[in-house]
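Per-entry structural report
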Amino acid sequence: MATDPPNARHVLTIAVAVLLASAAAFAGGSGGARLVGVPVFAWCALGAFALNWAAWIHAVRARTERYYDLIGSGTYLGVTAFAVVGAAVASHVTAAHAVLAALVVAWAARLGTFLFSRIRRTGGDGRFDAIIPVPLAFLATWTLQALWVVMTAGAALAAIAGGTERTVDPALIVGVAIWVIGFAIEVVADAQKSAFRNDPAHAGRFIVTGVWAWSRHPNYFGEIVLWIGVAVAAAPSLRGAQFATLVSPAFVALLLTKVSGVPLLERRADRRWGDDPSYRAYRDATPVLVPRPPRRDHR
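Below or above, wherever it landed, is the structure these notes cover. (Residues numbered from 1 in each chain as written. Predicted model: local features only at pLDDT ≥ 70, side-chain atom pairs only at ≥ 80, totals over all residues. Heavy atoms only, no water.)

Looking now at the packing of helix H7 (residues 170-198) against helix H8 (residues 218-234). Here H7 crosses H8 at 165°, and the two axes come no closer than 7 Å. Classed by the angle they form, the pair H7 and H8 counts as roughly antiparallel. Crossing hand, H7 versus H8: left-handed. Between H7, through Ala171, Leu172, Val174, Gly175, Ile178, Trp179, Gly182, Phe183, Ile185, Glu186, Ala189 and Asp190, and H8, the contact on the second element is made entirely by Pro218, Asn219, Phe221, Gly222, Glu223, Val225, Leu226, Ile228, Gly229, Val230, Val232 and Ala233. Counted by class, the contact of H7 with H8 contains 16 nonpolar, 5 polar and 3 charged residues. (Axes fitted to C-alpha atoms, helices over the stretch in contact; angles between N-to-C directions. Helix = DSSP H or I, 4+ residues; strand = E, 2+ residues; numbered from the N terminus. Parallel < 35°, antiparallel > 145°, perpendicular 65-115°, else oblique. Left-handed = near helix turned anticlockwise from the far one by under 90°. Contact = heavy atoms within 4.5 Å. Nonpolar A, V, L, I, M, F, W, Y, C, P; charged D, E, K, R; others polar.)

Structure, rendered in C-alpha cells:
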C-alpha cells in the first residue's frame, strides 16, 4: 500500500533527525576517545535513539505519553554517564570534564523530576492527543527527542569524550557562571508558575507576576542561557570538527522559539484568553522571551 502524505512527512522527519544526529556524531566524535573502534560520542548518539525507540514501543502499545519527559531526562543522564565512563576507559576524564557532566546531569535531573511530577498531577499532556493514535507520528516525536538530546548536549559530550587534557580555566568558570544564571531563571520561573497554578484562586487565569511579568516565557529563556553556559565551558576542550557541536544553544533557541515551545504555547494562550483585554495588554507589553522590566502593572 502506498504511503499517504501524512505518513510520508513522518518518515521524512525521522530520516532527517537520524541524518542530523549522524552528522553530529561524526563531528563530535572526530578525534575523540573510541571504544572498540567507534567514537564514544557515536555510542552516546546510538544509545539516545535506542532508548527512545524502545520507549516508543511501550508507549504506542499503552497509548500513553506519561513517561515521555522522564525518558528524555533519563536519556541525558544515560548518555552523559556513558560519555564519562567511556572516556575514562578509553583515555581519561579531567576535573573540567567532570564539571561539564555535572552541569548536564543537574539540569536533566531537576527538569525531569519537575515535568514528571507535573504529569502525575495533571494526568496528561494535551500536546500528544492528536499524535498518540498515529504510530508514525508518535515515533517521530520520540525520534525528535533523541535528536534533541544529541544536539543540545553535543558540546558537552564532545568535550567529555574528546580525550583532551584540561584544567579548570577561565572559560570553564565563565561558562559555569552563565549556566547558574540560566538554571536559576528556569527553576524560579517553573516554581512561580507551579505555585500560581496550584492556588485555586487562580483557576483559569494566566500568570503575570514574578519573572513572568518580565517575559512571557522566562523558563525557555533560562534554558537557552544555561546551554550557552555549557557551550562556553566546553569550547576549550574541542578540536577540529568538534567545534560544530557549539551549535547547541542555537539549536535549542531555534526549536524553543520557532518549533515546539513558544509558538505552541502562544497559540494555546491566544485560543484561551485572546478575547480577554487584560491578556492582550499583557501580551503587547511583555517580551516574548528576553526579559525586561514590565511597562505596566498587570495584576
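In this section: unusual backbone geometry. Backbone geometry at Val36 places phi at a positive 45°, although glycine is not the residue there. Mapped onto the fold, Val36 is located in the loop between strand S1 (34-35) and strand S2 (38-39). In this structure, Arg63 is a non-glycine residue whose phi angle is positive, near 50°. Mapped onto the elements, Arg63 comes out in the loop between helix H2 (40-62) and helix H3 (68-90).

With 58 residues, the main nonpolar core has Tyr76, Trp107, Val150 and Trp227 as its most contacted residues. Considering each element in turn, this core owes the most residues, 10 residues, to helix H4 (residues 95-122). For Tyr76, the contacting residues outside a window of four places in its chain are Val104, Trp107, Ala108, Trp148, Val149, Thr152, Ala153 and Trp227. (Core = buried A, V, L, I, M, F, W, Y, C linked by side-chain atoms within 4.5 Å. Buried < 20%, exposed > 50% of the residue type's maximum accessible area, 1.4 Å probe, protein only.)

Below, the discussion takes up the side chain of Asn52. Examined against the element boundaries, Asn52 turns out to sit in helix H2. Look at Asn52 and you get buried, because its relative accessible area is 0%. Here Asn52 is in contact with Ile71, Thr75, Trp142, Gln145 and Ala146, once residues within four sequence places are set aside.

Bringing the side chain of Thr143 into the picture now. Summarising the element assignment, Thr143 is placed in helix H5 (residues 135-152). Given the relative accessible area of 0%, Thr143 is considered buried. When sequence neighbours within four positions are dropped, the list of residues in contact with Thr143 reads Ile14, Ala17, Phe49 and Trp53.

With 23 residues, H2 should cover 33 Å at 1.5 Å per step; its first-to-last C-alpha distance of 33 Å lies within 8% of that length. Those residues of H2 that sit buried are Val40, Phe41, Ala42, Cys44, Ala45, Ala48, Phe49, Asn52, Ala55, Trp56, Ala59 and Val60. Positive backbone phi, at 50°, marks Arg63, one or two positions downstream of H2. (Expected span 1.5 Å × (residues − 1).)

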